[in-house]
Each structure stands twice: as C-alpha cells, then as structure tokens.
Amino acid sequence: MKNSVMREWLLVLTACVLCMSLSEAIGVNYGTLGDNLPPPSQVAKFLQTTNIDRVKLFGADPAILQAFANTNIGVVVAVANDEIVGLSKLGVAQEWVKNNVAPSVPDTKIIAISVGNEVLSTGDKNLIAHLVPAMQNLHTALVGASLDKQIKVSTPHSLGILAASEPPSIGRFRRGYDRVIIKPLLNFLRTTGAPFMVNPYPYFGFTAKTLDYALFKPNPGVFDKNTGITYTNMFVAQLDAVYSAMKLLGFSDVDIVVAETGWPSLGDIDQPAVNMENALSYNGNLVKFVTSNVGTPLMPNRTFETYIFALFNEDLKPGSTAERNFGLFKPDMTMVYDVGLMKAQNTSPAPSTGTPVAPVTPVTPVTPVTPVPVTPTTPATQKYWCVAKPDVDQKTLQQNIDYACGQGVDCTPIQPGGACFNPNTIAAHATYAMNAFYQSSARNNYDCYFGNTALLTQEDPSYGECVYQAV
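This section reports on the structure supplied with the text. From a predicted model like this one, the values you see are computed outputs, not experimental measurements.

### Quick notes on the overall build of the chain
Part 1 of the reasoning: Within the chain, the regular secondary structure consists of 11 helices and 15 strands.
Part 2 of the reasoning: Relative to its full complement of 471 residues, the chain shows a buried share of 55%.
Part 3 of the reasoning: Within the chain, counting contacts between residues at least 6 apart in sequence, those at least 24 apart form 72% of the total.
Part 4 of the reasoning: For the chain, the computed accessible surface area is about 20400 Å², with 55% contributed by carbon and sulfur atoms.

Right under this line is the structure:
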C-alpha cells in the first residue's frame, strides 16, 4: 500500500516538474495584426489554461496590460523603433515608464522592456547610435520608480548581427558594431542583470539540403572541426554561434533569451517547405529542447527563455501567406497544431510525428511581387541575388546603402563614373549595395533582410557592363 501511494506521489511530482519546466521557459509573441482576434481579456484567460506563462508584446497597449492583471503571466512590453531617439533623453524615458509601465504594476507582472526590434539590422545610424543611451535611460527611470529589480531592459537582434556563424565556434559580431555598439550594450546587460535577446530563425536560413537539420529531424549533422562537435540541428548551432561571438568580447556570462523563433504552417505555392507537418516538427521539437534543460554543446545545462512566434495567425499582416500563418492558435483559440502546451493534456510536448489538429482552411496563394523571391528550398547550386523590394521609401533605401557600404563591401561601381552608377536612382544603387553585402556574407536569408525591405530573386539584375555578383 505504501509503495502504491509512493508511486502516485512520484507521478504527481514528475508531472509538476514537467509543468514547471514548461512554464519556466516557453512564452509566445502576442501580435494583434488581425481583424478577427479575441479581446485581450479572453486571451489572458485562455493562456491560463496553457503552460505558457509569459507573453511578449509589440507595444505597451494599456488594454492588454490591464487584461493580464492578476494572472501572474509575465509580460514583456516593447518600445517602437521610432521612439528610441526620443528616449535618449532621460526626461522622455521617465515619462515613458510613468505612462506605460507604472500604472500597470504590480497588478500586471511586467518582466522586461524590449527596446526596438532588430535595430542594428535597420542600418539607420542615428537610430543605432541612440539605442544604448535609450536603454540606459529606461533603466534609470525604472530605478527611480523602484522597478529595476522586477523589470529588465534589453533589445532583440536578428542573426544578421553576426559576421560569421558557421561553424558555431567562429561566431563573431560584425566589424564596426562589435566594439562600438555591441560591447557597450553587453556591458549594460551584465551590469543590470538583463539578457541578450536574439531572434534565431532556421526558417530563414535553410536550404534544400539542410531542411531536416533546420527541423530537428534526423540528419548527418554539421561538424565543427574547431571543437569536434557535430551539430544535429540549426537552432542549437545558431545559439552557440551567438555565444561564441559574446565570448569573443568577454561576455559569455550574459544570459541569452530567444525573443522570436517559429515556423509558419501555411505558405504560398512556391514554398513547399512551409506546411503543417514542418511547423509541428520545428515548434514541437523546439518545446522539447527548451524544456529539457540540456542546453547546447557550448552552454550545457542552460535553460533558454524562449518566445515562440506567434500566439495567433494574424490575417492583416502584410507580405506572403506564410507571414499570416505563424500562429500556434487560430483566432477562435483552437490549436492550429498540437505542441503539447495545454494544461489539460499530458504535459510532455507532442512528438514531431504527431498528427496536426484542426487544420487551417487553405488560403488562396498570394501572387508574389516582381522580382519573384526565392524560397529557402532553392538548391544551393542555383544562383540568386538580393534586391530592393518595390515601393520602399528612398530614406530607408539610402540607409541600406550606407549600412551595406559601411560594412566593407565594394561600392565603387555605384559611384559617379562607375559601371553601375546609371541609372542614378536610390533604388538601383540600394539593390547593388544590398546584393554586394549579401554575397559577401554567409548568404543566409537574413543577410538579405534589411528590415524587410529586400528580397531574393533568381533573375540576374545585371545589365550592360554592370555586373551583380552572385557566388
């Protein structure tokens, strides 16, 4: 009888440990670009039926913050990129905290302020120069409000901040940003006890040959000759590349938080790797990895606080069909597919081979803009170029030119007298500069991101004596 009771208690304890492991690591990005999404009060109530105990917002909407009051769900609020320059003045930062944070605490469990989004990848020198001062001022404002112990200040980065990432042992930040911007940023994070936020997306970095590697599926792996480690999935390799870059600057002790990662469940007709099965494989195995607490080869036994992108499918998001189908849940709060995050279920994450539930209704594929973007499954033997998206404003394109040319690529062909100077337009020059940057980098998809103002094409933009490089 005693043995039976003991076994029952062990089962309960095991379930509790699994539940705690999930809730201590898995969060979601809660976006609101939809005309059919439930009100925040329903969302907050719904999340209490899941093992998700933290959400990352893309603003500081008072209605959402109020909805999460007394739920014990951690909330990350966000500062928009266009607010950063103003926040480099202490008074503005104090007002921001007073208006956007103070009214909601302690009822709402605000745990962090995310300052901007992928700021270094914008190429906006003015914005980048004001990033760390804005973060410092927000922290000072939190200190003044006695909230600095509870609320940390950080900023998320795309992996485009890395100059090298393969193999992970040679990971390093881009020259020019590494010691001028990133080192002071990491020093601030260490001093205040805040994490370094990154947005690793194997979805943006795989090829036909590395799809299984990106999806946590069985594969031969990638060998790092410097460490003797064979990596069997891209997500872990990306985290170790970030760690290597941080260690190179002397900040291996700063925690890493995964601010965004995910895989869409539905895409356009030219995206065969975007489907329910692959979304389930990626996110289901991601949950299993994060909650296993095994860490990575270079960071053993670490738990990485991870925010999956995204909570809901958002029907008003611009771009391809995939952009509107990153959600774990549909707007009616039923699962798009099951990764084992509901409290009513077995607390173990669903295996990657599980059957998706409540499949989404197929959406008529969106006709791609011209030039046609290359899907991540394009064979590595094919050449492709990075070009400016249509209708991007000239100020942004000029910033892209300044960024790309400032990274050491050869921009002399778009100078007066150069082979690619004519047509003398910002758009033409931006396309040349962005492509030169992309080709000189690791040619991951995020190297042709530029704040979502560029895309990949298989159509060679070269003309006359103007040759666009393609490695």
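### Comments concerning the state of the cysteines
Part 1 of the reasoning: Counted by the stated rule, this structure contains 3 disulfides.
Part 2 of the reasoning: Each disulfide pairs two cysteine sulfurs, and for Cys 405 the partner residue is Cys 411, the sulfurs being separated by 2.0 Å. Since a negative S-S torsion denotes a left-handed disulfide, the Cys 405-Cys 411 link at about -100° is left-handed.
Part 3 of the reasoning: Judged by relative accessible area, Cys 405 falls into the partly exposed class, the value being 26%.
Part 4 of the reasoning: Since its relative accessible area comes to 7%, Cys 411 is described here as buried.
Part 5 of the reasoning: The disulfide bridge from Cys 420 ends at Cys 466, spanning 1.9 Å between sulfur atoms. Negative torsions about the S-S bond denote left-handed disulfides, and the value of about 105° found for Cys 420 with Cys 466 makes this one right-handed. Linking Cys 420 in the loop between α10 (394-406) and α11 (426-440) with Cys 466 in the segment after β15 (454-457), this pair joins segments that are 46 residues apart in sequence.

### Quick notes on the nonpolar core
Part 1 of the reasoning: With 141 residues, the main nonpolar core has Phe 68, Trp 96, Ile 113, Leu 138, Phe 173 and Phe 196 as its most contacted residues.
Part 2 of the reasoning: Examining the composition of this core, we find that 10 residues originate from one element, helix α8 (residues 234-248), more than from any other.
Part 3 of the reasoning: Core analysis: the next-biggest nonpolar cluster, separate from the first, contains 6 residues, Val 76, Met 197, Val 257 and Ala 259 among them.

### Re helix α5 (residues 125-144)
Part 1 of the reasoning: When the terminal C-alpha atoms of α5 are compared, their 30 Å separation across 20 residues agrees well with the 28 Å that a helix rising 1.5 Å per residue should span.
Part 2 of the reasoning: Structurally, α5 contributes buried residues whose contacts are with β3 (74-79), α4 (90-100), β4 (110-115), β5 (152-154) and α6 (178-192).
Part 3 of the reasoning: Where α5 begins, the capping side chain belongs to Asp 124, and its oxygen is found 3.1 Å from the backbone nitrogen of Asn 126.

### Quick notes on helix α9 (residues 276-292)
Part 1 of the reasoning: Its 17 residues give α9 an end-to-end C-alpha distance of 24 Å, which sits within 8% of 24 Å, the value for a rise of 1.5 Å per residue.
Part 2 of the reasoning: Of all 17 residues making up α9, 14 are buried, and the element is well covered by its neighbours.
Part 3 of the reasoning: The distance from a side-chain oxygen at the start of α9 to the backbone nitrogen of Glu 277 is 3.2 Å, and the residue carrying that oxygen is Asn 275.
Part 4 of the reasoning: A positive phi of about 60° marks Asn 293, the residue just after α9.

### As for unusual backbone geometry
Part 1 of the reasoning: A cis amide bond links Glu 166 with the next residue in sequence, Pro 167, at an omega value of -5°.
Part 2 of the reasoning: Within the fold, Pro 167 resides in the loop between β7 (162-164) and β8 (172-173).
Part 3 of the reasoning: Going from Phe 309 to Ala 310, the amide bond is cis rather than trans, its omega being 10°.
Part 4 of the reasoning: Mapped onto the elements of the fold, Ala 310 is located in the loop between β13 (306-308) and β14 (385-388).
Part 5 of the reasoning: Positive phi values are uncommon outside glycine, yet Asn 72 reaches one of about 65°.
Part 6 of the reasoning: Structurally, Asn 72 is set in the loop between α3 (62-67) and β3.
Part 7 of the reasoning: For Asn 72, a relative accessible area of 56% corresponds to the exposed category.
Part 8 of the reasoning: The phi angle at Met 333 is positive, at roughly 70°, despite the residue not being glycine.
Part 9 of the reasoning: Topologically, Met 333 is positioned in the loop between β13 and β14.

### A word on the sheet that holds strand β2 (residues 54-56)
Part 1 of the reasoning: As summarised here, the arrangement of the 9 strands in space is β5-β4-β3-β2-β1-β13-β12-β9-β6, forming an open sheet in which the pairing is parallel. The sheet is open, and its two borders are formed by β5 and β6 (156-158), each paired with just one other strand. The average angle at which neighbouring strand axes cross in this sheet is 25°, direction not considered.
Part 2 of the reasoning: Taken together, the 3 bridges between β4 and β5 define a ladder with parallel strand orientation. Across the sheet, the residue bridging to Ala 112 is Lys 152, located in β5.

### What about the side chain of Arg 54?
Part 1 of the reasoning: Considering the arrangement of structural elements, one finds Arg 54 in strand β2.
Part 2 of the reasoning: The class for Arg 54 is buried, based on a relative accessible area of 14%.
Part 3 of the reasoning: Separated by 3.2 Å, the side chains of Arg 54 and Glu 305 make a polar contact.

### Side note on the environment of Met 434
Part 1 of the reasoning: For Met 434, the location among the structural elements is in helix α11.
Part 2 of the reasoning: A sequence separation of 34 residues divides Met 434 from Asn 400, and the C-alpha atoms of the two residues are 7.0 Å apart.
Part 3 of the reasoning: Among all residues touching Met 434, those that are not within four sequence positions of it are Cys 386, Val 387, Ala 388, Leu 397, Asn 400, Ala 404, Phe 450 and Ala 454.

### What about the pairing of strand β12 (residues 256-261)?
Part 1 of the reasoning: The buried fraction of β12 is high, at 6 of 6 residues.
Part 2 of the reasoning: With 3 bridges joining them, strand β9 (residues 196-199) and β12 adopt parallel strand pairing. What sits directly across from Phe 196, in β12, is Ile 256.
Part 3 of the reasoning: Pairing analysis gives 2 bridges linking β12 to β13, with the strands arranged parallel. Residue pairing for β13: Thr 261 is matched across the bridge by Ile 308.

Rules behind the numbers
- Residues numbered from 1 in each chain as written.
- Predicted model: local features only at pLDDT ≥ 70, side-chain atom pairs only at ≥ 80, totals over all residues.
- Heavy atoms only, no water.
- Helix = DSSP H or I, 4+ residues; strand = E, 2+ residues; numbered from the N terminus.
- Buried < 20%, exposed > 50% of the residue type's maximum accessible area, 1.4 Å probe, protein only.
- Contact = heavy atoms within 4.5 Å.
- Areas by Shrake-Rupley, 256 points an atom, 1.4 Å probe, with all protein chains shown as cover.
- Disulfide = S-S within 2.5 Å.
- Core = buried A, V, L, I, M, F, W, Y, C linked by side-chain atoms within 4.5 Å.
- Expected span 1.5 Å × (residues − 1).
- Polar contact = N/O pair within 3.5 Å; in protein donor to acceptor, adjacent residues only side chain to side chain.
- Pairing = 2+ DSSP bridges.
- Axes fitted to C-alpha atoms, helices over the stretch in contact; angles between N-to-C directions.

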